[in-house]
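# Breakdown of the fold
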Amino acid sequence: MASLEAKAEQEPLLSDSLPGSREWDIIETEEHYKSRWRSIRILYLTMFLSSVGFSIVMMSIWPYLQKIDQTADASFLGWVIASFSLGQMVASPIFGLWSNYRPRKEPLIVSTLISVGANCLYAYVHVPASHNKYYMLVARGLVGFGAGNVAVIRSYIAGATSLQERTSSMANTSACQALGFILGPVFQTCFALIGEKGVTWDTIKLQINMYTAPVLLGAFLGILNIILILTILREHRVDDSGRQCKNVNFEEASTDEIQVPQGSIDQVAVVASNVLFFVILFIFALFETIVTPLTMDMYAWTREQAVLYDGIILAALGVEAVIIFMGVKLLSKKIGERAILLGGLIVVWAGFFILLPWGNQFPKIQWEDLHNNSIPNTTFGEIIITLWKSPREDHNEGPTGCPIEQAWCLYTPMIHLAQFLTSAVLIGIGYPSCNVMSYTLYSKILGPKPQGVYMGWLTASGSAARILGPVFISQVYTSWGPRWAFSLVCGMVVLTITLLGVVYKRLIAYSIRHGRSQE
């Protein structure tokens, strides 16, 4: 059995188990233990790189799209942004099914190769004489398709960890994902120093500039990731107690392995977990979308101020999320995952309740450029544009404040800055808590059986939420204002808490449900 000293050496920052915490009687050699955790940490890296691939170009998509194709408009930008989630939604169940019946190296390598190819395509979307915007649409969709390997990553980690290790490893996975979202825009900012012109490699018609350098870096990191998967990743599977299980993915037979226990999965708990996860991601996606329009309307911020201040706020929320991911690992040992999920939803509800407008102070009205009193049919893409539009494009920032075209600006009180910041902090606490707990509970409900397909559906539901959330909030906020928008969100969270209360006793581990271990 691996010594406690060897185990302690395994966990500096991302500790996945505590020395002496494995209270079950199992035999695991030190070599097997080290191999198992090396493989898991390679998948932490894969998750991080997948997140970076999504976020590293987010701040430059709009200006690059305008540069390569003058026919691209705000509506098309919305499709380009949504194509990533659409691709991931389609790919997740496919890769998940694949991983159930074949070694998981296969879908991981193929998905990463797709992402590498998609990034290279993105770097060449300027080359065709026409229809460049469609090439960008396909490139981003394929990057999302490659990111469908998230289902494989989470199913592998769920299958390669015991119940006691599960919460910690899932928290680490989510932390790596969040870190990728944070650092992606940072990398993009560094590449902005190259400028729009950059350098051109005429032989292969490759332009290396502020738009293409990030994706070329992503392609390079993808190739490096494939090498690491080929050389280090090994198939490991353990049951809820930590004993090795034999399954179709296993590469090496061992007399110590046991068969996967038989028993049915609680399908009600599975469906409820998917619904809970959809709502959690739906709510955070709409919050991210509405931050910039809300602050520009309420505080009369210019585009430059909105991009700067909101960028700082979202970056701070990302750092807060990483801290929360680490904190819930310890808290879950004391009060359990279900209690943290419930508490997280209550905190999210409080965050949106605080956002409701009150008082008799109204936002500054933007009277300029008034043509009529009709409410515009604002698209998702048009709202997203405010995140990319550089103030250098127009030295005259134009009118600021709440546009008179949005009729609610005349009678809806403003949301005070203290309200907004308090709300952001609360949502920044509640969302990561709910996110990691929903993944952890879901993996425990599924038990030791292959989880690829089930994780695929969970990832697909999250992708659908990231598509529908921004569309929902853009329409409701523009037409009816923040009071209706955030009231509806509060009502949605109350219904979600009610659903959690109904299924609370069913959200238990597979082995506990079948009486093989105690809660």
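Where an unreviewed UniProt entry is consulted, the protein chain appears under the name Major facilitator superfamily domain-containing protein 8 isoform X1, with the organism given as Vicugna pacos. Word for word, the UniProt comment on the protein chain under Subcellular location (unreviewed entry) is "Endomembrane system".

In this section: the overall build of the protein chain. When helices and strands are counted, the protein chain shows 17 helices and 6 strands. For the protein chain, with 519 residues in total, the buried portion stands at 57%. Sequence-distant contacts, at least 24 apart, represent 82% of the contacts inside the protein chain between residues at least 6 apart. Here the protein chain has roughly 21800 Å² of accessible surface; of this, 65% comes from carbon and sulfur atoms.

It is worth spelling out the state of the cysteines at this point. Tallying each qualifying case throughout the model produces 1 disulfide. With its sulfur 1.8 Å from that of its partner, C402 forms a disulfide with C409. An S-S torsion of about -60 degrees defines the bridge between C402 and C409 as left-handed. As far as burial versus exposure is concerned, C402 and C409 are alike and both buried.

This next bit is on the packing of aromatic side chains. With the rule as written, the count across this model stands at 17 aromatic pairs. When the ring of Y64 is compared with that of Y122, the centres are 5.4 Å apart and the planes differ by 50 degrees; the resulting orientation is tilted. Of this pair, Y64 sits in helix α3 (residues 61-68) while Y122 sits in helix α5 (residues 105-123), placing them 58 residues apart in sequence. According to the relative accessible area criterion, Y64 is buried, its value standing at 2%. For Y122, a relative accessible area of 2% gives the class buried. Here the aromatic residues Y299, W301, Y309 and F420 are joined through ring pairs into a cluster of three or more. Across from the ring centre of Y439, 3.3 Å away, lies the NZ or CZ of R154, which sits over that ring.

Analysis parameters
- Residues numbered from 1 in each chain as written.
- Predicted model: local features only at pLDDT ≥ 70, side-chain atom pairs only at ≥ 80, totals over all residues.
- Heavy atoms only, no water.
- UniProt positions renumbered as here; feature names shortened; annotations may be inferred.
- Helix = DSSP H or I, 4+ residues; strand = E, 2+ residues; numbered from the N terminus.
- Buried < 20%, exposed > 50% of the residue type's maximum accessible area, 1.4 Å probe, protein only.
- Contact = heavy atoms within 4.5 Å.
- Areas by Shrake-Rupley, 256 points an atom, 1.4 Å probe, with all protein chains shown as cover.
- Disulfide = S-S within 2.5 Å.
- Phe/Tyr/Trp six-rings, centres within 6.5 Å; stacked < 30°, edge-to-face > 60°.
- Lys NZ or Arg CZ within 6 Å of the ring centre and 35° of its normal.

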